[in-house]
Amino acid sequence: DSLRLGVFTQDLAQELDPEQRAVDLVTAHAREGPHGDIFVSEQDARGALGRLGLQNEKALRKLKDLSGGEKARVALAMFSLKPSNLYLLDEA
């Protein structure tokens, strides 16, 4: 197999569209790209968000209504559903 790199930068959460719901961003990211999975459901995304502490209605909020830490959890949830075999965590 080839290398599938997942890159998480410290500023990633701030670069996400504040008008999008957390669950929609996670679902879209998991489905897109050459290694995306079109079968990832909203329920899968809500499960990933819930495991990171964004449960119930918090998963349905727009990013602009979440705290900085909650936005970072949305970004982490995005990567948890995307198949990667190496993660780069950049704190630049």
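Residues numbered from 1 in each chain as written. Predicted model: local features only at pLDDT ≥ 70, side-chain atom pairs only at ≥ 80, totals over all residues. Heavy atoms only, no water.

### Some thoughts on a nonpolar patch on the surface
Here is the rule: To count toward a patch, a residue needs a relative accessible area over 30% and no salt bridge; like charges are then connected within 9 Å, while nonpolar side chains (Val, Leu, Ile, Met, Phe, Trp, Tyr) are connected within 5 Å. Residue burial considers only the protein chains on display, and all accessible areas are found by Shrake-Rupley using a 1.4 Å probe. Whenever a carboxyl oxygen of Asp or Glu lies within 4 Å of a side-chain nitrogen of Lys or Arg, that contact is scored as a salt bridge. Helical segments are the DSSP runs of H or I of at least four residues, strand segments are the runs of E of at least two, and each set is numbered from the N terminus.
Together, Leu3, Leu5, Val7, Leu86 and Leu88 line one region of the surface with nonpolar side chains, adding up to about 440 Å² of accessible area. At the level of secondary structure, the elements contributing two or more residues to the nonpolar patch comprise strand 1 (5–9) and strand 2 (86–90). Looking at where leucine 86 falls in the secondary structure, it is placed in strand 2.

### Side note on the side chain of glutamate 70
Quick reminder of the rule: Here, residues are in contact when the closest pair of their heavy atoms is within 4.5 Å.
Structurally, glutamate 70 can be placed in helix 4 (residues 68–80). Setting aside anything within four residues of it in sequence, one finds glutamate 70 in contact with Leu54 and Lys58.

### Some points on the packing of helix 2 (residues 22–31) against helix 3 (residues 42–51)
Keep this limit in mind: Orientation is described by lines fitted to C-alpha atoms, with helices fitted over the stretch in contact, and by angles between N-to-C directions that extend from 0 to 180 degrees. We call two directions roughly parallel when the angle between them is under 35 degrees, roughly antiparallel when it is over 145, roughly perpendicular when it lies between 65 and 115, and oblique otherwise. Crossing chirality is assigned from the near helix's rotation relative to the far helix, an anticlockwise turn below a right angle marking it left-handed and a clockwise turn marking it right-handed. Here the term charged refers only to Asp, Glu, Lys and Arg, the term nonpolar to Ala, Val, Leu, Ile, Met, Phe, Trp, Tyr, Cys and Pro, and the term polar to all other amino acids, Gly among them.
Close contact between helix 2 and helix 3 brings their axes to 9 Å; oriented N to C, the two are set at 110°. If you check the angle between helix 2 and helix 3, you find them roughly perpendicular. In this structure, helix 2 meets helix 3 at a crossing whose hand is right-handed. Along its contact with helix 2, which presents Ala22, Val23, Asp24, Val26 and Thr27, the element helix 3 presents Glu42, Ala45, Arg46 and Leu49. Among the residues forming the contact of helix 2 with helix 3, the class breakdown is five nonpolar, one polar and three charged.

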